[in-house]
Structures are given as structure tokens and as C-alpha cells.
Amino acid sequence: MTEVIDPAATLAAGLAHHGAGRGAEAEAAYRRVLDARPNHPDALHLLGVLALQGGNPAWAAELMARSIRFRPGNPACFSNLASALRRLGRRDEALACCQRALALDPDFSDALNNLANILTDQGKHARAAAALRRLLRLKPLLTEQRLQRAQALILDGRAGEATEELMTLLGMTPLSVAAYATLGLACRRLGRLEEAVGYYRCALGFAPGDPGVLNNLGVTLQDLGQLDPAAACFRQSIAAQPDAAYPYLNLALAARDAMRVDEAITAARTATRLAPALAEAHTALGFGLLLKGELEEGFAEYEWRSRMADFPSPRRSFPTPPWDGRDITGRTLLIHDEQGVGDTIMLARYAPLLQARGIRVFVECNTQLVRLLSAMPGIDGVIGRFDALPPHDVHVALASLPHRLGTMLYTIPADGPYLRPEPALAAAWAERLSGARGLRVGLVWAGNPEFKADSIRSPRLKGFLPLLDTPGVAFYGLQKGPGRQDLEAVASLPASFTDLGPEIADFADTAAIMENLDLVISSCTAPAHLAGALGRPVWTVLPFAPDWRWLDSGLCTPWYPTMRLFRQDRRGDWTPVMARVRNALQTLARTRA
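Bear in mind that the values here come from a model prediction, so they are computed numbers and not experimental data.

The next point concerns the overall build of the protein chain. From N to C terminus, the protein chain includes 29 helices and 10 strands. Taking 593 residues into account, the globule formula puts the C-alpha radius of gyration at 25 Å, and the protein chain, at 32 Å, lies well above it. Along the longest, intermediate and shortest principal axes, the C-alpha atoms of the protein chain span 115 × 60 × 40 Å. Within the protein chain, contacts between residues at least 6 apart in sequence are counted, and of these 60% link residues at least 24 apart. For the protein chain, the distance from the average site of its 63 positive side-chain charges to the average site of its 61 negative ones is 1 Å.

Put into C-alpha cells, the structure is as follows:
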């Protein structure tokens, strides 16, 4: 005999069980309704909700889709279907369901919440913040969603707005660890580092030993140059959460900045073990190994650089496969630059080696280098970056060539100069500089300010001023770019200084000038590489924690036989460096007198 039930009453009983957490009883009630009326939209929907709560989003999505077929005007069902589809990774479909729910009911808070979650998953942070703003207008006392909106604003580059949202949140929940920690993150993004430290410390006051907050505090202290306190934070974070990779990565970076390179390598190795796909950890490991001169393994790890989230070069797409190092004799290889102009100059030395293997070599580079590299032996053609590409069979990033060719410390190709100036241009500059008396010295005091560590590596013109009264020396400014602003900040320069910057159009001009100088003194930037590649005497001043190519110690470099290195003894202190440079310059000037 078929049971006769009242669907409305049975559904209401199921809802009561559902609300009380009695899932089995609720499911039984919903199924009784469906036994009597298989297409009952509310029973299908609620059984789907129960399935979603029970961890079965696939079945939930099927039930809710059936419910919508019989009641297409139910915004709650569209919203819950969006949740199920999101769990299944079908985010575009989930987004469409949320939009449909909101078309039916623009003020439906659950749909707005789901919409924000889906947009966050998709990295559409501006739209997520807008959805959460609508939600908070409807329900201003929501705290989790206010925090979520602040996080979305930070990710959208609107940290200032995020701080306002977080201050409101702290007014509602003054003991919120997450609010203080997120305020710290927002202030760091705004460059208000001391404030960020204060907020992180507030968060730790309520949650001592929180590994995430300790890690973020350490990163901010590192930004401030407080390397030992930063490392202490990372170690505390590691102690609280020993299986987390990021504190080990950050410890590696702090140790490297403090020139504790062995410690940096050990911490980076641990990070790669804990998170084998973490590109930043592999790159940090590569950097440390390269500093120690362990080039073979270092360059292999450095291949991870382009997978980093903040890799500075744009992602490139080529119609050809990447070259993996195998024999391509008789074929055409496109070598493309990837990072700074200095890297291109330094690594262009590999092109002739490839041509000697019977490979046609084309180089794509910064337009400032096209004229210079076009005169270099061993290259079949040079094109500006993003110009039409020549036909080619494979491509490779310039910075990958040391790895592809198995470079080790004693096999760096540095037999002699590999760049040369244009003869007519060099002759013109010889005439131009012929009247100078004494030692002729070129100066470069700043690099590209878009490089995030430029303020650390560049002494600026003020740092070089103690050199300018060295007797018997004529100085020539070779500075280009924003660093030229330093000339306006100096009240007066001695008669021994001549600014040639306005007469330099590109690096071919700089090369021709350098050919007629006795010495170049430069910060760690492209002209230093150019002087070394030309085989000209060059003194390079280095920060306490230098780039990997300069190794962790030594007065010379295997990359450039004519280069001498002057290293900082203390982080940020250029005064002793310039005193040593001045003494060496005085000695050289006397020998040339």
C-alpha cells in the first residue's frame, strides 16, 4: 500500500531536522516527498543542499539543476548551485548561476557572498570588492566579509581603501588578529613600514607565536634592513610551523642579504624540499649557489626564475619550441633578452660560441643595444625587442645559456673583449677628448630605478663626490636615465668634471667614449658590464650583498678580466668604499703623471 503524505508538512519536518543538524532524518523526509512527487523542486533543492553540506557537490549540483528545471525563478537554488559548481572547479558556470540569482533578486545576500568568493578564486579582485561592498551595504555588521573585502582591495592595489575598511572592522571587533595582520599587510604595500611593524606586533599581542604573522613581520623588518630581527621572526615561525616552506624561503633571503650565504643555501634547500614547485625557493637556492661559485647546480636552479610570481620580465610567447641544449647544427636559434641591459651585455658572449657550433644565431634585445650588438662578431642578426621576428627553429632566453652550455667557474668564456666600438665613432670621440690632461675617468653613479634593489646598489652622485677633487684626474659623466637628476641636486661640480650624458644616444655612443678613457668607475649597472665587455679598465663598486655574478668575495671577477671590485664592508655604507677607490685612484694618477 502506497504511503500517503502531506508534502508540505513532510518538507517542513525535514527542514526542522535539517536546521537541528539531524541530517539523516532530514534526508529521509526529503526522499519521502520525492517518492510521492519526484519533481518536487523544493525537495530536490533541499536534498541538494544536504548533499553539498555532506561533501558531495556533484550529486548536489545534479539535484539543484533538476530543481531549477521545475522552478527556474528560485534565486536561492541558483546561489546554492553556484556553491556546488565552485566546489567542483566549474567556476565560469558558478559565476553564471550567481549572476542569474542576482538578476532574480539583486539584494540576495547569499548570492553576493558566493559571487565574491568565485571572483576571488578567479583573481578578479576589483569585482570581488564591488560585490562585497554591495553585501556590506545590506548587512553592515558582517565581519568576515569586511575582512575579505579589505584583502580584495589590497590585491587590487587599493591598500589605502583597505585600511579604511579594516579600521571599521577593528571598531566592530577590536581584538581581531586577522584585522591587525591585514592592516600590517596594507601598510607595507603603502610603504608605511614602521606602521606595518606596529600592527603586526599588535596581532602578536593577541596571538603570540602565530606563524603567519611572524613571517609577515619578518618580511617587513627585512624591508627596513633589520636583518637579524627579521631572521629571528622567520625562525620563530618555522618553530611554530616546521612544515611551511615560505618562512624557510624568507629566512634564506634574509640570510643572503646578511651575506650568510651558506645559511641561505641550507634554508632555500629546505624550502624546495617542503614545496618542490615553489619557484621562488629554487631561484633563491640558485642565487646562493652562484654566489658561492657553484655555477653548474646554481644555473640549473636559476632556471626556475621565470616561474616566479613577481618575475620582472613579461611572459613571452614564441611560435617555436624552446631550445633544451641538444645539437641544432645547421638550424636557426633566436636568443631573446629577458632582464636588464647589463645581463644582455654580460651574456651576449655566448652567441659566438653557438655560431661556432654551426648554428645561425639571432639576438633580440633592448633597442638601446641593437647598434652595439650589430657590430659584434658571431651574431647573424640583431633585432629590437618586439620587432618582427626572423624565421627560426628554436628559441632560448639569454640568461639560460650558461645552463644550456654547462658553464662552470673555470669555463666562463672570458678570453678577451667581445664587444667593440664603431671605429669612426671612436675616432670622433678621440678627437673630442684629445685636449684632456691627466687620467681620463668615466663615472656612472646610478642604475635603473625600476630595479627594486637599485637604491641599495647605487651610491648616487653624492657618493662619488669625494673622488672629484683627486689631483691629475679628469672626470666624465656617462650617466643616463633618472640618475641624471642628481646633477641638479649638487650645488656645484669642480672644473675637472664634464657631463657627457646629453651627447649619448645609446650604448654604441657609450662604448666609443669608453674606448678613449683610461678608466671607468661605475655602480653595479649596465655601463660597468659594457666596459668589461670592451676590455676597458673598470672599477665597480658593489653593495654589501651583491648580485650573484660577483660571487661572495674577491677583488676580481671571472666574467671580466679587466674589472676590479670594491665591496661594501657594511650594509649601506659607501664612505669606506669611496675612500679605497680614492686611494687607488690617487695611486693610478701618480703612475700616469
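There's plenty left to go through after this.
Two elements in contact, helix α3 (residues 41–53) and helix α4 (residues 57–70), have axes whose closest approach is 8 Å; the angle formed by their N-to-C orientations is 160°. With respect to their mutual orientation, α3 and α4 come out roughly antiparallel. As for the relative orientation of α3 and α4, their crossing is left-handed in sense. Every residue of α4 that contacts α3 at P41, L44, H45, L47, G48, V49, A51 and L52 is listed here: P57, W59, A60, L63, M64, R66, S67 and F70. Taken together, the residues of the contact of α3 with α4 sort by class into 12 nonpolar, three polar and one charged.

On to the sheet that holds strand β2 (residues 360–365). Judged by pairing direction, the sheet is parallel, and its four strands sit side by side in the order β3-β2-β1-β4 without closing on themselves. With partners counted over all chains shown, the strands left at the sheet margins are β3 (381–384) and β4 (394–397), one partner each. Taken over all neighbouring pairs, the strand axes of this sheet differ in orientation by 25° on average, direction set aside. Relative to β4, strand β1 (residues 332–336) runs parallel, the two being bridged by four bridges. Across the sheet, the residue bridging to H336 is A397, located in β4.

A separate point is the environment of R582. By secondary structure assignment, the location of R582 is in helix α29 (residues 575–592). Judged by its relative accessible area of 22%, R582 falls in the partly exposed class. Distance in space between the C-alpha atoms of R582 and A82 is 70 Å, their sequence separation being 500 residues. Among residues more than four places away in sequence, those in contact with R582 are P466, L467, D469 and T470. There is a polar contact of 3.3 Å between the side chain of R582 and the side chain of T470.

Quick look at the pairing of β2 now. Within β2, five of the six residues are buried, which leaves it mostly tucked inside the rest of the structure. As defined by bridge partners, β1 adjoins β2 across five bridges and the pair is classed as parallel. Within β2, the position partnered with H336 by the bridge is E364. One ladder, built from four bridges, connects β2 with β3; its direction is parallel. Looking at β3, one finds that C365 is bridged to G384.

Turning our attention to the nonpolar core. By size, the foremost hydrophobic cluster in this structure holds 151 residues, and its most contacted members are I335 and L419. Per-element tally for this core: the top contributor is helix α17 (residues 279–291), with seven residues. Here I335 is in contact with A351, L354, V361, F362, V363, E364, V396, L398 and L401, once residues within four sequence places are set aside. Formed by 26 residues, the second largest nonpolar core is a distinct cluster that contains L443, M578, V581 and A584.

Any covalent bond linking the sulfur atoms of two cysteines counts as a disulfide. Applying the stated rule across the entire model yields zero disulfides. Sulfur of C98: no disulfide; nearest cysteine sulfur belongs to C97 and is 7.3 Å away. Considering cysteine sulfurs only, C202 is the nearest to C233, which forms no disulfide, with 14 Å between them.

This next bit is on the sheet that holds strand β8 (residues 519–523). Read from one edge to the other, the open sheet built from six strands follows the order β7-β6-β5-β8-β9-β10, with strand pairing classed as parallel. Each edge of the open sheet is held by one strand with a lone partner, namely β7 (497–499) and β10 (563–567). Averaged over neighbouring strand pairs, the angle between their axes works out to 20° when direction is ignored. Both strand β5 (residues 439–444) and strand β6 (residues 473–477) contribute to a ladder of five bridges, which runs parallel. In the sheet register, L443 faces β6, and the bridge partner there is G477.

Positive phi is not limited to glycine here, since F386 has a value of about 70°. Within the secondary structure, F386 is located in the loop between β3 and β4. The exposure class assigned to F386 is exposed, which follows from its relative accessible area of 54%. The backbone phi angle of L551 is positive, close to 60°, even though this residue is not glycine. For L551, the position within the fold is in the loop between β9 (538–542) and β10. Its relative accessible area of 14% is what places L551 among the buried residues.

Rules used in this analysis
Each chain carries its own residue numbering, running from 1 in the written order of its sequence. Only residues with pLDDT of 70 or above have their local features reported here, since the model is predicted, and side-chain atom pairs are shown and tallied only from 80 upward, although totals for entire chains, interfaces and linings are computed over all residues. Computation of side-chain values: all heavy atoms of the structure, hydrogens and water removed. Here a helix means four or more residues in a row that DSSP labels H or I, a strand means two or more in a row labelled E, and each is numbered from the N terminus. Note that the radius of gyration is over C-alpha atoms, with the globule rule given as 2.2 Å times the number of residues to the power 0.38. Should any heavy atoms of two residues lie within 4.5 Å, those residues are counted as being in contact. Residues counted as positive are Lys and Arg, residues counted as negative are Asp and Glu, and His and the chain ends are not counted. Note on charges: their place is set at NZ of Lys, CZ of Arg, CG of Asp or CD of Glu. Here, axes are lines fitted to C-alpha atoms. For helices the fit covers the stretch in contact, and angles between N-to-C directions go from 0 to 180 degrees. In what follows, roughly perpendicular refers to angles from 65 to 115 degrees, roughly parallel to angles under 35, roughly antiparallel to angles over 145, and oblique to any angle outside these ranges. Handedness of a helix crossing follows the sense of rotation of the near helix relative to the far helix, less than a right angle counterclockwise being left-handed and clockwise being right-handed. Note that Gly is not counted as nonpolar here; it falls among the polar residues with everything else outside the nonpolar set of Ala, Val, Leu, Ile, Met, Phe, Trp, Tyr, Cys and Pro and the charged set of Asp, Glu, Lys and Arg. By this definition, two strands are paired if DSSP reports at least two bridges between them. Buried residues are those whose accessible area, probed at 1.4 Å on protein chains only, stays under 20% of the maximum for their type, while exposed residues exceed 50% and partly exposed ones sit between those limits. By the criterion applied in these results, polar contacts are pairs of N or O atoms within 3.5 Å in which, for protein atoms, one can donate a hydrogen and the other can accept it, and in which residues neighboring in sequence qualify only through two side-chain atoms. What is meant by a nonpolar core is a set of buried Ala, Val, Leu, Ile, Met, Phe, Trp, Tyr and Cys residues, joined one to another through side-chain atoms within 4.5 Å. Here, a disulfide means two cysteine sulfur atoms that sit within 2.5 Å of each other.

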